[in-house]
Structure formats: C-alpha cells, structure tokens
Amino acid sequence: MSELKNDTFLKALMRQPTDYTPVWMMRQAGRYLPEYRESRKTAGSFLQLCKNAQFATDVTLQPLDRYPLLDSAILFSDILTVPDAMGLGLYFEEGEGPKFERTLQLEVDIQKLEVPDMAKLQYVFDAVSSIRKALNGRVPLIGFSGSPWTLATYMVEGKGGTDFLTTKKMAYARPDLLHHILETTAQTVIQYLNAQIAAGAQAVMIFDSWGGALSHDAYIEFSLNYMQKIVAGLTKTNDGRKVPSVVFTKGGALWLEAQAEIGADALGLDWAVDIGQARQRVGDKVALQGNLDPAILLSTPEAIEEQVENVLRSYGHGHGHVFNLGHGITQWTPPENAAAMLDAVRKHSQQYHK
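Conventions adopted
- Residue positions within a chain follow its written sequence, with the count starting from 1.
- For this predicted model, a pLDDT threshold of at least 70 governs which residues receive local features, and a threshold of 80 or more governs which side-chain atom pairs are given and counted, while totals over whole chains, interfaces and linings are taken from all residues.
- Note: side-chain values were computed over all heavy atoms of the structure, leaving out hydrogens and water.
- In these notes, a set of buried Ala, Val, Leu, Ile, Met, Phe, Trp, Tyr and Cys residues joined through side-chain atoms within 4.5 Å is what counts as a nonpolar core.
- Think of it in three bands: residues with accessible area under 20% of the maximum for their type are buried, residues over 50% are exposed, and the middle band is partly exposed, with areas taken using a 1.4 Å probe on protein chains only.
- Each helix is a run of H or I in the DSSP string that is no shorter than four residues. Each strand is a run of E no shorter than two, and both are numbered from the N terminus.
- The contact criterion used is simple: two residues touch if any of their non-hydrogen atoms lie within 4.5 Å.
- The rule for pairing is simple: two strands pair if DSSP sees at least two bridges between them.
- The handedness of a crossover follows from its direction of travel: if, with the strands pointing away from the viewer, the path from the first strand over the helix to the second runs clockwise, the crossover is right-handed.
- For helices, the axis comes from a line fit to the C-alpha atoms of the stretch in contact; other axes are also lines fit to C-alpha atoms, and the angle between any two N-to-C directions lies between 0 and 180 degrees.
- Angles are sorted into four bins: roughly parallel if under 35 degrees, roughly antiparallel if over 145, roughly perpendicular if 65 to 115, and oblique for all others.
- Rotating anticlockwise by less than a right angle from the far helix to the near helix defines a left-handed crossing, while the corresponding clockwise rotation defines a right-handed one.
- This arc is built from the directions going out from the helix axis to the C-beta atoms.
- Only Phe, Tyr and Trp rings take part, Trp by its six-membered ring, and two of them pair if their centres are within 6.5 Å. Stacked means planes under 30 degrees apart, edge-to-face means over 60, and tilted covers everything else.
- The criterion for a charge sitting over a ring is simple: Lys NZ or Arg CZ within 6 Å of the ring centre, and within 35 degrees of the ring normal.
- Residues are called lining when one of their atoms sits within 4 Å of a cavity or pocket point, these points coming from a 1 Å grid over the protein atoms alone, where a cavity is a set in which a 1.4 Å probe fits but cannot get out and a pocket is an open set with protein on both sides within 12 Å along at least five of seven lines.
- Grid points are joined across faces, edges and corners, and a volume is the space filled by probe spheres set on the points.
- Gly counts as polar in this scheme, as do all residues outside two lists: the nonpolar Ala, Val, Leu, Ile, Met, Phe, Trp, Tyr, Cys and Pro, and the charged Asp, Glu, Lys and Arg.

Peer 1: Quick question: what am I supposed to make of the nonpolar core here?
Peer 2: Note on soluble globular proteins: their nonpolar side chains tend to be buried together. Residues Ile181 and Met341 are the most contacted members of the largest nonpolar core, which totals 125 residues. In terms of residue count, helix H10 (residues 175–199) provides more of this core than any other element does, 11 residues in total. If we skip the residues at most four places from it in the chain, isoleucine 181 touches Leu104, Ile110, Leu113, Ala152, Met155, Val156 and Met170.

What follows is the structure, given as structure tokens:
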C-alpha cells in the first residue's frame, strides 16, 4: 500500500498533535453533488452504485476531487448491506427509501438467523481495495457498519424511520429473540469490519442511527453492549498502523460517559450537544468527532463561518477533535456551502493547535 500523505485525521482520532482540526462530512459522497447524481443515473440504481467497485470508487473520490481540504475518504456503501447478506432481500423504493422483502418478526424466522458467509459481501471489500488503490495515499479511508440495534430495527420493521414499536415490543416481551438478532448481527459486523480493514480501511465507524430512540436502560442493554462487543473484536492494527474506531449514536448525548468506556478511540456527536461540555464529560478517554448542524449548510457562507467558529471555540485548545457534521449532509446543500464550511474549519482551527 502507498505511503499516507495526509494522516491528520488518524492522528486526531488517537489524540495526537496536529497542525489544524481535520474535517470530513458524513454522507460527503451523495445527492447534494451533481457529479454523484450523474453517476447514479449511469449506474441505474443506488444498489448498483454500491455493488460495482468502479462506481463505488468514483463516487467515493468525487468529494475529494471537489474539496481538497477534506482529510478523509469514507467508503461509499450502505449500512443495510449486512441484513441483505443475511437473506432479508434489500430493495429501494423510489421516494420511500430502503425496504426488506422479509422481516424478522416470527420466532421461527429469528431462530434461523445466522452469520452469513462474508463472500456475499465481497463486493464491499473489492470496493475498499479499489478505493485504497485510487486514493494512492492521498488521505485515509474509513470503513463502516451500522450498529446491531440500528440494523435490527430495519430487520424487524422492514423499513427505516418508524416508531420502532414492533422492535421495542420484542425488546420488552421477548428480549431473548431480540438478543439473538443482536448477537448474530454483532458477530457479523465484527467479521464485516475486519474484512474491510484487511482490504484497506484505515479507520472504522459504527453508525448507531436509532440508538437515541431507546430508554436509558434499554440503550445500554440493546445497543451499547453490542457495540462494545464489536469494538473488542476489531482488528487493532494493519499495515503497521493502528486502526482507530469511532462509535456514533444519534441522540446519544445522555450516554457519553458510558460510550467513552467501551474501548472505541472516538465518539461521534450529533448537533444537540455542546462539544465543549461533551469534552469535559469524557475527559481524555476518547477523541470527539462533530458536530455542526447539517441544516446550517443551507444558509449563507457568513452564517456557516460563524457556526464553525462556535464549534471550534467550544472544543477549545488541544488535540483530539475531528470536525464533522452532527449527522449526514442533506441532499439540498449547495456544494459551495460545503466548501465554505471546509474553508472556515481550516482558517479558524489552526489557532487551537499552537
């Protein structure tokens, strides 16, 4: 593998000194970019983008080609590749998002669930290898997966963005069934992320998109405990380098102290928490990633610069901060506004690293 020319992002995750605050954006390759929309049109569908290594490579690199100030690439894929490989039949309905042909609601179906052959996900690992080669050491590559709880909600409900009542009913009435889904999924994710690392991912992130929907005790039992298992099972070094891990629970600010204890190197923060207060709460246990409200990118360059300054000022002096949005960039973001954010981070962050 080629020598890494910019390792600022990896250093920040390990709380090592950097000259500025590194930055990347969740969903940085996506619908807000006209070049992405062209690629999707050519590919024919979102799944075809994910399952073709060349398409996945092209769209992963598009934001880097447009924005030279980005400090990391992230694999272009989807968290639902895992339940798809587990036999649930992923498909996308225009305007309605992802759905599954089969759900896990009957005990007989749940008991049949098992860790799939990773060969079913080879297209993801091929994409990782292809992207690493194309990056040629430019910036690090992030691999990722959904958390077991988040994946389970899709597997039980059959779609995303619900009130999760079927999954929660199972959690309270038949926790044994939900734990079987979560344990099987956690073991799958460990293999999945380790295969991404073997293929060239230099950091990995676990997206717990729906953890914030849980009660306090339920979050610990059904979400955090399984992310801890995954972190413990991850490959820790590859290519002679440490492979840092990031966990991100949207709506998870209530549990930052507990998250900081599970062994991950960094915590992602959504926009609802003050990053300075989060830093005080977790101390020097982990790095922090975040946490600008993505909606600010719909406003003006002046307003964006002001809010970037606020986040940087709140985190304060020292290392261990990766600047990011508090969730994925929205599809209506003007690309020039993303550029304004990146410019502002580079311009204003250097003073905090002297």
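Moving on, there is more to tell.
Peer 1: I would appreciate a short explanation of the pairing of strand S10 (residues 287–292) in the present structure.
Peer 2: Remember that side chains alternate between the two faces of the sheet whenever the strand is regular. For S10, the buried fraction is high: six of the six residues fall into the buried class. In this sheet, S10 lies alongside strand S9 (residues 266–268) in parallel orientation, the contact comprising three bridges. Considered in S10, the bridge of alanine 266 is made with alanine 287. Traced from S9 through helix H13 (residues 275–282) to S10, the parallel crossover comes out right-handed. The pairing of S10 with strand S11 (residues 321–325) spans five bridges and is classified as parallel.

Peer 1: Could you clarify how one ought to interpret the environment of glutamate 38 in this entry?
Peer 2: Counting through the fold element by element, glutamate 38 comes out in helix H2 (residues 34–43). It is 9.9 Å that separates the C-alpha atoms of glutamate 38 and valine 59, two residues lying 21 residues apart in sequence.

Peer 1: Would you mind showing me how to read the packing of H13 against helix H14 (residues 301–315) here?
Peer 2: For any two helices packed against each other, one specifies the inter-axial angle together with the distance between the axes. With their axes 7 Å apart at the nearest point, H13 and H14 run at an angle of 20 degrees to one another. Regarding the angle of H13 to H14, the classification is roughly parallel. In this structure, H13 meets H14 at a crossing whose hand is right-handed. Residues Ile275, Gly276 and Arg279 of H13 form the contact with H14, whose own contacting residues are Val311, Ser314 and Tyr315.

Peer 1: Would you mind going over the sheet that holds strand S5 (residues 203–208) with me for this structure?
Peer 2: If you trace the seven strands from one edge of the open sheet to the other, you get S1-S4-S5-S8-S9-S10-S11, paired in parallel fashion. In this open sheet, the two edge strands, each paired with only one partner strand, are strand S1 (73–74) and S11.

Peer 1: How should H2 be read in this particular structure?
Peer 2: Residues spaced three or four apart along an α-helix face the same direction, because each turn holds 3.6 residues. For H2, the full list of buried residues reads Tyr36, Ser39 and Ala43. Taken around the axis of H2, the buried residues stretch over an arc of 60 degrees, which confines them to a single face. Across H2 from its buried face, at more than 90 degrees, point the exposed residues Lys41 and Thr42. Turning to H2, the residues buried within the fold contact helix H3 (46–51) and helix H4 (53–66). Looking one or two places after H2, you find glycine 44, whose phi comes out positive at around 100 degrees.

Peer 1: In this structure, what is going on with the packing of aromatic side chains? I would like to understand it.
Peer 2: Note on aromatic pairs: each is described by the distance of the centres and the angle between the planes. Inspection of every chain in the model, using the stated rule, returns eight aromatic pairs. Geometrically, the ring pair formed by phenylalanine 144 and phenylalanine 207 is edge-to-face, given 5.7 Å between the ring centres and 90 degrees between the ring planes. Remark: phenylalanine 207 occurs in strand S5 and phenylalanine 144 occurs in strand S4 (residues 141–146); sequence separation between them is 63 residues. With respect to burial, phenylalanine 144 and phenylalanine 207 carry one shared label: buried. Taken together, Tyr36, Phe46, Phe76 and Phe92 form an aromatic cluster joined through their ring pairs. Looking at arginine 346, its charged tip hangs above the ring of tyrosine 20, at a distance of 3.8 Å from the centre.

Peer 1: Would you explain the layout of surface pockets in this entry?
Peer 2: The probe, sized like a water molecule, is rolled over the atoms to show the empty space still left. The computed volume of the largest pocket comes to approximately 1600 Å³. Surrounding the largest pocket, 46 residues form its lining, Arg27, Arg31, Phe46, Asp78 and Pro98 being those nearest its centre. Listed by contribution, the elements that provide at least two residues to the lining of the largest pocket are H2, H3, strand S2 (90–93) and strand S3 (97–100). For the lining of the largest pocket, the class distribution of residues is 21 nonpolar, 14 polar and 11 charged.

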